[in-house]
Amino acid sequence: CLDRGAYVDRISRNNLAPLSIASLMGHVGPARLCIERGANLYRQDDFGRCPDEIAHDNRRLAMAAWLGRIKNQGWTTYLSEPRYELVVLRSLAARGLARRKRADPGKEQLLD
């Protein structure tokens, strides 16, 4: 829906925005998508809680910490983070400092 122009901060019947729902459920993928599309990190629910506080109150502590860091440091840092890690891994592999390990026949995994 977002690809077709849906409003990322649209409120549900429960008066929650999609980012708040993702925070409530602890779903990082949808939360990240909302943030990438410009969701309001400061939108409050009926109890005056922002998404990070909703996550914390529902014991989604990793989600709460992640959203808190994004609020403090800015979301663009987190959008580029996986790409940066991939560039570093490719660089290490090119220099022979990273290699693949066969876990199961037919499957390959990268070592840390």
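Residues numbered from 1 in each chain as written. Predicted model: local features only at pLDDT ≥ 70, side-chain atom pairs only at ≥ 80, totals over all residues. Heavy atoms only, no water.

## Looking at unusual backbone geometry
The phi torsion at asparagine 15 lies on the positive side, around 65 degrees, for a residue other than glycine. Even without being a glycine, arginine 59 presents a positive backbone phi close to 60 degrees. Look at arginine 59 and you get exposed, because its relative accessible area is 73%. (Buried < 20%, exposed > 50% of the residue type's maximum accessible area, 1.4 Å probe, protein only.)

## So, the pattern of salt bridges
This structure, assessed with the given rule, holds four salt bridges. Measuring nitrogen to oxygen at the nearest pair gives 3.4 Å for the salt bridge that ties glutamate 36 to arginine 32. Of this pair, glutamate 36 and arginine 32 are both found in helix α2 (residues 28-36), four residues apart, which corresponds to roughly one turn of the helix. Its relative accessible area of 22% is what places arginine 32 among the partly exposed residues. In this structure, aspartate 45 engages arginine 49 in a salt bridge whose closest nitrogen and oxygen atoms are separated by 2.7 Å. (Salt bridge = Lys/Arg side-chain N within 4 Å of Asp/Glu carboxyl O. Helix = DSSP H or I, 4+ residues; strand = E, 2+ residues; numbered from the N terminus.)

## Re helix α4 (residues 61-73)
The end-to-end C-alpha separation of α4 is 18 Å, in line with the 18 Å expected for 13 residues at 1.5 Å each. The complete set of buried residues in α4 reads Met63, Ala64, Trp66, Leu67, Gly68 and Ile70. At the C-terminal side of α4, glycine 74 shows a positive phi close to 100 degrees. (Expected span 1.5 Å × (residues − 1).)

## A few points about the nonpolar core
Leu19, Ala31, Ile35, Leu41, Met63, Trp66 and Leu67 are the most contacted members of the largest nonpolar core, which has 14 residues in total. Elements with a minimum of two residues in this core: α1 (18-25), α2 and α4. Here this core gets five residues from one element, more than from any other, and that element is α4. (Core = buried A, V, L, I, M, F, W, Y, C linked by side-chain atoms within 4.5 Å.)

## Quick word on the environment of tyrosine 7
Within the element layout of this structure, tyrosine 7 appears in the segment before α1. For tyrosine 7, a relative accessible area of 54% corresponds to the exposed category. Along the sequence, tyrosine 7 and cysteine 34 sit 27 residues apart, while their C-alpha atoms lie 10.0 Å from each other.

## A closer look at the confidence of the model for the chain
For the chain, mean pLDDT is 79; residues scoring 70 or higher make up 70% of the total. Element-level pLDDT for the chain is lowest in strand β2 (residues 107-110), with a mean of 48, against a maximum mean of 95 in helix α3 (residues 51-57). Counted against residues more than four places away or in other chains, residues 108-112, with its pLDDT under 50, gives eleven contacts. (pLDDT = per-residue confidence, 0-100. Contact = heavy atoms within 4.5 Å.)

## Section: the packing of α2 against α4
When two helices pack together, their arrangement is given by the angle between their axes and by how far apart the axes lie. Close contact between α2 and α4 brings their axes to 12 Å; oriented N to C, the two are set at 15 degrees. Taken together, the axes of α2 and α4 are roughly parallel relative to one another. When the axes of α2 and α4 are compared, the crossing they make is right-handed. Side by side, α2 and α4 meet where Val28, Ala31, Arg32 and Ile35 of the first sit next to Met63, Trp66, Leu67 and Ile70 of the second. (Axes fitted to C-alpha atoms, helices over the stretch in contact; angles between N-to-C directions. Parallel < 35°, antiparallel > 145°, perpendicular 65-115°, else oblique. Left-handed = near helix turned anticlockwise from the far one by under 90°.)

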